Amino acid sequence: MKKTIVNLCRLVLATVFILSGFVKAVDPIGTQYKIEDYLQAMNLGAWLPDAGALILSVVISATEFCIGIFLLFAIRRRLCSHLAVIIMALMTPLTLWLALTNPISDCGCFGDAVVLTNWQTFWKNVVLLAAAIVVMKWPTKMVRFVSESNQWIVVNYSLIFTLVISAWSLYDRPQFDFRPYHVGTDLRTGWMQMMEGQESPYADFFIERMDNGEDITEEVLNNEGYTFLLVAPYLEQADDSQLDLINQVYEYAQEYDYPFYGLTASGEKAINLWRDLTGADYPFCQTDGTTLKTVIRSNPGLILLKDGVVIQKWSHNLLPNEQELEKPLEESTLGKMPDDTVGKRIVRILLWFVLPLMLLTIADRLWAWTKWIRRHKKLISYINKKEVKMRKKIVAGNWKMNMNLQDGIALAKELNETLKAEKPNCGVVICTPFIHLASIAQFLDQNIIGLGAENCADKEKGAFTGEVSAEMVKSTGAQYVILGHSERREYYKETPEILKEKVLLAQKNDLKVIFCIGESLEEREAGKQNEVVKAELEGSVFNLSEEDFRKIVIAYEPIWAIGTGKTATAEQAEEIHAYIRSIIAEKYGQAVADDTTILYGGSCKASNAPELFAKPDIDGGLIGGASLKAADFKGIIDAFK
Ligand code: PEP
């Protein structure tokens, strides 16, 4: 149930983030305008120059898109779910403020593709915030669509894809145009409807002559045949790198008698400057600046109308060239609406982005599946041929610094009675503070429950006040000792060299070593868990002979899961247990690896033990908190029933 809810929330979040990142990426200038609107509404307009707002627009769209894709594929689950919560926690109050004060009519969450009212946006964000919190609480419940080793392909591909889309949309025009001036729009009809008093997006669309202020919108839109409109919202900021091509188009329009107008919101001075600079003598008309920014996302950009319908749009970077202007529009492809429909563009996106990722996912899942089958087949064939003796399953308790002598004895007695009455299906060990050992050894049935210490000294004997040697531990009647626990490594600075000495002394005194390894949260987030466990084994136990190594029990304990309530998922634990076994196989051979007991430790409880212990490479658990009550500990032991 929990898993289903988390995955539903994750899919909703992923879809919204991908959609909102994508529509922003296809229209970076539109997003830039929206950012500027926000800053103006907060009186911070002067704070960020246009170029800064544009860069921010690209960064925001790429971030949203990538977080969406990562959530979809369950990549860097903890990091992404935290980022989603941070973003939603910032956006929700911001949109509440928008809804209450209404300084901007449309939040711009989905560019021009989906326009929501400010209250709709706020409630949408409340739902997304709740979904993000659910996902952040149980990030590891998100089912992966791609294995960790291949996720870098998705990461890089998505980032490159969104940046290329943004760059291409900036160079050309938005690859998907959701505005009411897209190619194919019948401006004439739209404008007429507006004049008849119907609701229309063209309320601010007007064309006024500069010389006498006469409104010629109707004349321009009613012109039968072709009309060129050079759109430059603000001439002062217009790109002047393609002036020759603009003049060429103007000369072409004159040659074939097509009307050509310059539309701008700039005043006389800027127009005269432009004329001086370009030698332009086409007529300039006045239009609303915001409307012109909506008409075309290029300053300047060129539009071709035919009978009042927008049939072509060009950014200043991709104006028609000399060859294209050889024939009159009636005979050339320029005069026809391009057959590059929205459908075709969607197919292109599917082919270039969705299909490769789908193929990658299928290949990755097949690979993971065949790996799993191979491992299981091998195991089954071993068992069938009785080539291996099944390695020992163990549930070991680590009491840490808990229980006074009386309470410890009571707990050990209760366990002793319980397990004598109902024999466990696995080896059971309790590792207690030193002071308990001798007393508990008196009554514990060590055929059922092994007794161990939680540490021993790295010196044989002598003037080491407060230390307890391996020999002393052995003399109490204990058989086991835990070494290398992360708490000892961290709080008592036990280095690999010190641990190496302890292991040698423990084995010299015939103690069975439960050797702990595991990575910190930062190391896991950096994907270094394999490196860390390998180094820990190499540093302290890979020096042993094969015979001595066979006596070691390994306990994999991710530090981030110890005592935190966060358990590694069974899949995560199995993945690294299999890796540990593989490096043991590399060092000592497959037979030794197959016989080595590898325990899992870290918030293991009766509720999650069955799933963990069912994994082929997990041979039981090292249990902290849940070993302090007989019933809890017994619940875990029962996972082997
Ligand atoms: C431990 O410290 O070995 C341990 C696994 O602790 P807990 O079960 O409390 O996470």
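Residues numbered from 1 in each chain as written. Predicted model: local features only at pLDDT ≥ 70, side-chain atom pairs only at ≥ 80, totals over all residues. Heavy atoms only, no water.

### Points about the site of the ligand
So the rule is basically this: Note on terminology: near, applied to a residue and a molecule or strand, indicates that one of the residue's heavy atoms is within 4 Å of it. Pairs of N or O atoms within 3.5 Å make up the polar contacts considered here, provided that, within protein, one atom can donate a hydrogen while the other can accept it, and that residues adjacent in sequence are counted only when both atoms are side-chain atoms. As a working rule, the residues Ala, Val, Leu, Ile, Met, Phe, Trp, Tyr, Cys and Pro are called nonpolar, Asp, Glu, Lys and Arg charged, and the rest polar, with Gly in that last group.
With respect to spatial proximity, 13 residues lie near the ligand, and among them Lys 400, His 485, Glu 557, Gly 563 and Ser 603 are the closest. Contact between the ligand and Glu 557: an oxygen atom at 2.6 Å from a side-chain N or O atom of the residue. Taken together, the residues that form the shell around the ligand break down as 3 nonpolar, 8 polar and 2 charged.

### Overview of the domain arrangement of the protein chain
For the record, the criterion: An automatic or database domain assignment supplies the residue ranges for each domain. The contact criterion used throughout is that any non-hydrogen atoms of two residues lie within 4.5 Å. Any Lys or Arg side-chain nitrogen located within 4 Å of an Asp or Glu carboxyl oxygen qualifies as a salt bridge.
Under the domain assignment used here, the protein chain contains domain 1 (2-171), domain 2 (187-337), domain 3 (346-385) and domain 4 (388-640). Here domain 1 and domain 3 have C-alpha centroids that lie 30 Å from each other. Counting residues at the interface gives 16 residues for domain 1, matched by 10 residues for domain 3. At the surface where domain 1 touches domain 3, the tally comes to 0 salt bridges. The tally of links between domain 1 and domain 3 comes to 3 residue pairs in polar contact (both at pLDDT 80 or more). Its residues placed into classes, the side of domain 1 that touches domain 3 shows 11 nonpolar, 4 polar and 1 charged.

### Points about unusual backbone geometry
The line we're drawing: Strands here mean DSSP runs of E at least two residues long; helices mean DSSP runs of H or I at least four residues long; both are numbered from the N terminus. For every residue, the accessible area obtained with a 1.4 Å probe (protein chains only) is divided by the maximum for its type, and the residue is called buried under 20%, exposed over 50%, and partly exposed between those limits.
Here the bond from Asn 299 into Pro 300 is cis, since omega is 5 degrees, no more than 30 degrees from zero. Among the secondary structure elements, Pro 300 is positioned in the loop between helix H11 (289-295) and strand E5 (301-306). In this structure, Asp 307 takes a positive phi of about 50 degrees despite not being glycine. Mapped onto the elements of the fold, Asp 307 is located in the loop between E5 and strand E6 (309-315). For Asp 307, a relative accessible area of 29% corresponds to the partly exposed category.

### Focus: the packing of aromatic side chains
Any two aromatic rings considered together are summarised by their centre-to-centre distance and by the angle between their planes. As a reminder of what qualifies: Think of it this way: a Phe, Tyr or Trp ring, Trp meaning its six-membered ring, pairs with another when their centres are within 6.5 Å, and the plane angle makes it stacked under 30 degrees, edge-to-face over 60, tilted otherwise. Whether a charge sits over a ring depends on NZ of Lys or CZ of Arg being within 6 Å of the ring centre and within 35 degrees of the ring normal.
Scanning all chains against the criterion turns up 27 aromatic pairs. Measuring from centroid to centroid gives 6.0 Å for Phe 228 and Phe 260, while their planes differ by 35 degrees, and the two rings are tilted. Placement of Phe 228 in strand E2 (residues 226-232) and of Phe 260 in strand E3 (residues 260-264) is noted, with a sequence separation of 32 residues between them. Classification of Phe 260 by relative accessible area gives buried; the value is 4%. Through successive ring pairs, a cluster of aromatic residues spans Tyr 226, Phe 228, Tyr 250, Tyr 252, Tyr 256, Tyr 258, Phe 260, Tyr 282 and Phe 284. Here Arg 78 stacks its cationic end above the ring of Trp 560, 4.8 Å away from the centre of that ring. The positively charged end of Lys 413 is found above the aromatic ring belonging to Phe 443, 5.2 Å away from the centroid.

### Re the sheet that holds strand E14 (residues 620-623)
The criterion, for reference: For two strands to be treated as a pair, DSSP must find no fewer than two bridges joining them. Axes, fitted as lines to C-alpha atoms, cover a helix only where it is in contact. Angles between the N-to-C directions of the axes lie from 0 to 180 degrees.
Spatially, 8 strands are ordered E7-E8-E9-E10-E11-E12-E13-E14 in a closed barrel, and the strand pairing comes out parallel. Strand-to-strand twist across the sheet, computed as the mean angle between neighbouring axes with direction ignored, equals 25 degrees. The pairing of strand E10 (residues 480-483) with strand E11 (residues 512-517) spans 4 bridges and is parallel. Bridged to Ile 482 within E11 is Ile 514. Relative to strand E9 (residues 449-453), helix H14 (residues 434-443) is tilted by about 150 degrees, and along the sheet it contacts strand E8 (427-432) and E9.

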